[in-house]
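One-letter residues, chain by chain:
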Amino acid sequence: MPTVGVKRDFLFNALGRTYTDEEFDELCFEFGLELDEITSEKEIISREQGDSKASGASDLILYKIDVPANRYDLLCLEGLVRGLQVFKNKLEAPRYRRVSPDGGEPQRLIITKETAAVRPHAVAAVLRNITFTQERYDSFIELQEKLHQNICRKRSLVAIGTHDLDTISGPFTYTAKAPGDICFRPLNQTKEYTATQLMSLYKTDSHLRHYLPIIEDKLVYPVIYDSNGVVLSMPPIINGDHSKISLQTKNVFIECTATDLTKAKIVLDMMVTMFSEYCAQPFTVEQAEVVYPDGKTCVYPELAYRKEKLSGEFINRKVGIRESTDRIAQLLTRMCLLSQPTGVGDEIEVEIPPTRPDVIHACDIMEDAAIAYGFNNITRTTPRTYTVANQFPLNKLTELLRQDLAAAGFTEALNFALCSQEDIADKLGKKISETRAIHISNPKTAEFQVARTTVLPGLLKTVAANRKMPLPLKLFEISDVVLKDESKDVGARNSRRFCAIYYNKTPGFEVIHGLLDRTMQLLDVKPARGEGYHIQAADDSTFFPGRCAEIFVGRKSVGRLGVLHPDVVSRFELTMPCSALEMDVEPFLGFTAEVLLTHDVPMQETFKHQFPARSQSRPALPSRPPTTKTVFGDMSSQAGLEALDGFLADRSYVEGFTASQADAAVFDAIPSPPPPAFCHLRRWWSHIKSFQTERARLPPAKSQFVLPPAPPASDAGEDDVDLFGSDDEEESTEAARIREQRLADYAAKKSKKPALVAKSSILLDVKPWDDETDMAKLEECVRSVVMEGLLWGQAKLVPVGYGIRKLQIGCVVEDEKVGTDLLEEAITAFEEYVQSVDVAAFNKI
């Protein structure tokens, strides 16, 4: 969400009253905004650059307010104040008007055909007889910057140019020329430059260099001239110095060049509506004509009002309130949406002003009604729809595997989903074109250029960061990779992978192979060709020749394992042999992970298939179960239901990860719906009940959970003797006493066992302010941080760039006593030496 910074005193002066911080925070919440921070310019500079840089900065209180990304009318003080005053019924929403110039022709902007190759669209308007103060001028400039970063998409869609109309003369010409043919004096410069020279000049400019790629590879650059040949601007890079505005400017010519005409119209409307209140005739904007290459003439700004109609019942139903039509119209009017009942039923006519381009659907109007009503004022109600929650099968399988792999002696790691091209290609001995990697179009760092296609590089980098730890290092990770897939609407899909590595003085292939066998045992896959799993020799440049095998499950390849090639190991700065295993987890679910967890039939499917009637498809539930005896106990008793409820507390199904005949059998053994007190059982019972139409298609049960019914009673007389019975009550009592004693002894023994202390290995990157920082003193300061449960390890200096080096230091902490936030806070307290602290690696021990 964009953040708008406004000076508190100016804001309160414009609102006509003062508020406490708590009162203004509550007002923002009521209006759908959030007061993010209360600070000052001096405090911001001190926090970011140090106290020495903050001397002389202003102490005026600043309110940092978060506004919705689509509310462009709230990105400046003027729009914010106007919206709050209308919301508090202190002001009526103004009426914006487009007027013709007094006694003359409107300003004209002529577009030539050459612009079609770069930025083909342009719009324009004039703010006549405007009065600027320093605060208004600053707000005017800041709004341009906010719009550039938001709807203009960093000037790639729209670029705004503002000019002092009294220093230039129309008509204006918007054209495109070769860079060498454009020459002018840019804003705040003392001499003229050609466009080619400007591109070189601004490559080092911290602000403008981000916009150069928009046009630098074009054959021609866009430029705007006045009738005397004076350059107004070279969009989207820089304006000309000749027409720059100042506090003395009375008439402002605003032009917006764009690749998206709709966005350009919105941006122009925002600029003129926000600041037209400072004109001699408030809220009036002088029109300008734009002539296109085909001769068509358009008049801007449009300042279009449009009307929509919707019912009061729609708003009441969606918001969950019961208000009259007149009351709803009043609520919408408070949100600058002038509304009134039409008199036809509960229909409401809503007028949408040019300042509200975010309103594109009836749901947007409904949302504004809910904000005006107050979310806290909506009565809480219980949803009338009943749904059964269920853990995503893929995530559930992942969690179960994680626990058992940790029990097998492997430590879990968690790495970034983005990595460098080198990590997944060159370092693994592959070509980037063979990896099917998704590339980031504008990566901010070389470390995050592509979405990873394999989990292996992340684990190897984790080992490299912890190679000083005692051997062997056994790590695993179960996470997603991203692969190209043309069949998906986004052109890519996620795939859940399991990867494990073993790093020691010997390769340890047998350890990785044993882990594979254990994993297959957990997944209930037998070691056999055909329906089971097997491995066979394979060639892969990542692995050592002759030491690589491909894993097949049901004749389908799911992964590979083997000893890594020495070149691969050395590229990750490792010195010892390493074995690795990586395979796809999704095939073991029996269906793709992207199947929707619903049994509803899509509407289009109802036309393709003839479904049986409900009465025919649903089998009749047994009026009396054949037996109520299960492995959990008698389902007709309170104890049996309680045992099953406890069993289902952390399970979705009786057996496995999907509904099966085991669930159906236990369901049939329950004679009546379980009471609400057994919440887990009740949830499972309702869920399995929804499968009644398709229970015949459920997979068979692997175990028997319902006991067979007892044999019928014998017709023998009362004198028959039960040879295997026992009526020795004292013996039963003694057996129970012995069992309880053993349980008590076990519990006492277990309580004396010392609890395991959870520890983590952390690698910290401590960055100095500049290359003149004393790194030895910085390390001394870091090591001076002493906490219970903290043990500092080795450290080294790592080059960052431009002669600057960062301190990379490792430590081991006890999780319950020391957290990363506590460490970072303690280290950053040394402000003279430390700029920032980042966690480079974090691993459980």
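Residues numbered from 1 in each chain as written. Predicted model: local features only at pLDDT ≥ 70, side-chain atom pairs only at ≥ 80, totals over all residues. Heavy atoms only, no water.

Caption draft 1: Inspection of the overall build of the protein at higher detail. Helices and strands together make up the secondary structure of the protein, namely 24 helices and 36 strands. The C-alpha atoms of the protein give a radius of gyration of 36 Å, which is well past the 28 Å a tight globule of 845 residues would have. Within the protein, the proportion of its 845 residues that are buried is 43%. Within the protein, counting contacts between residues at least 6 apart in sequence, those at least 24 apart form 69% of the total. (Helix = DSSP H or I, 4+ residues; strand = E, 2+ residues; numbered from the N terminus. Rg over C-alpha atoms; globule rule 2.2 N^0.38 Å. Buried < 20%, exposed > 50% of the residue type's maximum accessible area, 1.4 Å probe, protein only. Contact = heavy atoms within 4.5 Å.)

Caption draft 2: Focus on the confidence of the model for the protein. Confidence in the prediction for the protein averages 85 pLDDT; 90% of positions are at 70 or higher. In this model, residues 714–731 is a region of pLDDT below 50 whose contacts with residues beyond four sequence positions or in other chains number 1 contact. (pLDDT = per-residue confidence, 0-100.)

Caption draft 3: Summary view of the packing of aromatic side chains. A full pass over the atoms with the stated rule returns 16 aromatic pairs. When the ring of phenylalanine 12 is compared with that of phenylalanine 24, the centres are 6.0 Å apart and the planes differ by 65°; the resulting orientation is edge-to-face. Of the two residues, phenylalanine 12 sits in helix 1 (residues 8–15) while phenylalanine 24 sits in helix 2 (residues 21–30), which places them 12 residues apart along the sequence. Phenylalanine 12 sits in the buried class, given a relative accessible area of 6%. Assessed through its relative accessible area of 0%, phenylalanine 24 is described here as buried. Ring geometry for phenylalanine 172 and phenylalanine 253: centres 4.5 Å apart, planes at 25°, overall stacked. Of this pair, phenylalanine 172 sits in strand 8 (residues 172–177) while phenylalanine 253 sits in strand 14 (residues 252–258), placing them 81 residues apart in sequence. The structure contains a cluster of three or more aromatic residues connected by ring pairs, namely Phe132, Tyr137, Phe140, Phe275 and Tyr278. When the ring centre of tyrosine 305 is taken as reference, the NZ or CZ atom of arginine 95 above it lies at 3.9 Å. When the ring centre of phenylalanine 410 is taken as origin, the NZ or CZ atom of lysine 474, which lies over that ring, is 5.3 Å away. (Phe/Tyr/Trp six-rings, centres within 6.5 Å; stacked < 30°, edge-to-face > 60°. Lys NZ or Arg CZ within 6 Å of the ring centre and 35° of its normal.)

Caption draft 4: Molecular detail of the sheet that holds strand 21 (residues 411–412). In spatial order, the strands read 21-25-26-30-29-28-27; together these 7 strands make up an open sheet with mixed pairing. Across the chains shown, the open sheet's two edge strands, defined by having one partner strand only, are strand 21 and strand 27 (533–537). Sitting on the sheet, helix 12 (residues 393–407) touches strand 21, strand 25 (473–484) and strand 26 (492–503), and the angle it makes with strand 25 is about 160°. Here helix 14 (residues 456–465) sits on the sheet in contact with strand 25, strand 26, strand 29 (556–564) and strand 30 (578–584), set at roughly 35° to strand 26. (Pairing = 2+ DSSP bridges. Axes fitted to C-alpha atoms, helices over the stretch in contact; angles between N-to-C directions.)

Caption draft 5: The arrangement of the packing of helix 6 (residues 134–149) against helix 8 (residues 261–275) in detail. Axis separation between helix 6 and helix 8 bottoms out at 11 Å; the angle between their running directions is 160°. Regarding the angle of helix 6 to helix 8, the classification is roughly antiparallel. Classified by chirality, the crossing of helix 8 by helix 6 is right-handed. Facing Arg136, Ser139, Phe140, Leu143, Gln144 and Leu147 of helix 6, the residues of helix 8 in contact are Val267, Met270, Met271, Met274 and Phe275. Looking at the contact of helix 6 with helix 8, its residues break down into 8 nonpolar, 2 polar and 1 charged. (Parallel < 35°, antiparallel > 145°, perpendicular 65-115°, else oblique. Left-handed = near helix turned anticlockwise from the far one by under 90°. Nonpolar A, V, L, I, M, F, W, Y, C, P; charged D, E, K, R; others polar.)

Caption draft 6: The arrangement of the nonpolar core in detail. With 95 residues, the main nonpolar core has Phe24, Ile65, Leu127, Phe140, Leu147 and Ile254 as its most contacted residues. A per-element tally of this core places helix 8 first, with 9 residues. If near-sequence neighbours (up to four positions away) are discounted, isoleucine 65 is found in contact with Pro2, Thr3, Val4, Val6, Phe24, Cys28, Leu33, Glu34, Leu35, Asp36 and Leu80. Judged by nonpolar contacts, the second largest core, of 27 residues, contains Leu397, Phe476, Met583 and Phe588. (Core = buried A, V, L, I, M, F, W, Y, C linked by side-chain atoms within 4.5 Å.)

Caption draft 7: Layout of the sheet that holds strand 1 (residues 3–7). Pairing is antiparallel across the open sheet formed by 3 strands, whose spatial order is 1-3-2. Every interior strand has two partners, whereas the edge strands, strand 1 and strand 2 (34–40), have only one. The average angle at which neighbouring strand axes cross in this sheet is 25°, direction not considered.

Caption draft 8: Representation of the pairing of strand 3 (residues 61–66). Bridging between strand 1 and strand 3 involves 5 bridges; their strand directions are antiparallel. By the bridge assignment for strand 3, threonine 3 is matched with aspartate 66. Pairing of strand 2 with strand 3, which is carried by 6 bridges, proceeds in the antiparallel orientation. Note on strand 3: the bridge partner recorded for isoleucine 38 is tyrosine 63.

Caption draft 9: The arrangement of unusual backbone geometry in detail. Proline 171 follows glycine 170 through a cis peptide bond whose omega is 0°. Take proline 171: it is sitting in the loop between strand 7 (158–164) and strand 8. Along the chain, leucine 471 connects to proline 472 via a cis peptide bond; the corresponding omega equals -5°. Positive phi is not limited to glycine here, since asparagine 188 has a value of about 65°. With phi around 65°, cysteine 336 is a residue other than glycine that occupies positive phi space.

Caption draft 10: Seen up close, helix 8. Taking 1.5 Å per residue, 15 residues should reach 21 Å; helix 8 reaches 22 Å between its end C-alpha atoms and fits that length. Of all 15 residues in helix 8, 11 are buried; the element is thus mostly enclosed. Those residues of helix 8 not exposed but buried are Ala264, Ile266, Val267, Leu268, Asp269, Met270, Met271, Val272, Thr273, Met274 and Phe275. (Expected span 1.5 Å × (residues − 1).)

Caption draft 11: Here's a closer look at the environment of isoleucine 237. Among the structural elements, isoleucine 237 can be located in the loop between strand 12 (231–234) and strand 13 (238–239). Along the backbone, isoleucine 237 and leucine 212 are 25 residues apart, and their C-alpha atoms lie at a distance of 6.8 Å. If we skip the residues at most four places from it in the chain, isoleucine 237 touches Arg155, Tyr202, Leu208, Tyr211, Leu212 and Ile215.

Caption draft 12: Main features of the state of the cysteines. Scanning all chains against the criterion turns up 0 disulfides. Cysteine 419 takes part in no disulfide bond, and the closest cysteine sulfur to it belongs to cysteine 499, at a distance of 13 Å. What makes cysteine 419 buried here is its relative accessible area of 8%. Left without a disulfide partner, cysteine 499 is nearest to the cysteine sulfur of cysteine 578, which lies 8.9 Å away. (Disulfide = S-S within 2.5 Å.)

Caption draft 13: Structural context of helix 12. In this model, helix 12 (15 residues) spans 21 Å end to end at C-alpha, consistent with the 21 Å of a helix rising 1.5 Å per residue. Buried positions along helix 12 lie against strand 25, strand 26 and helix 15 (509–522). Glycine 409 sits one or two residues past helix 12 and shows a positive phi near 100°.

Caption draft 14: Fine view of the packing of helix 10 (residues 325–334) against helix 11 (residues 362–373). At a minimum axis distance of 8 Å, the contact between helix 10 and helix 11 shows a crossing angle of 90°. Put simply, helix 10 runs roughly perpendicular to helix 11. Where helix 10 approaches helix 11, its residues Leu331, Leu332 and Arg334 are matched on the opposing element by Ile365, Asp368, Ala369, Ala372 and Tyr373. Split into classes, the residues belonging to the contact of helix 10 with helix 11 amount to 6 nonpolar, no polar and 2 charged.

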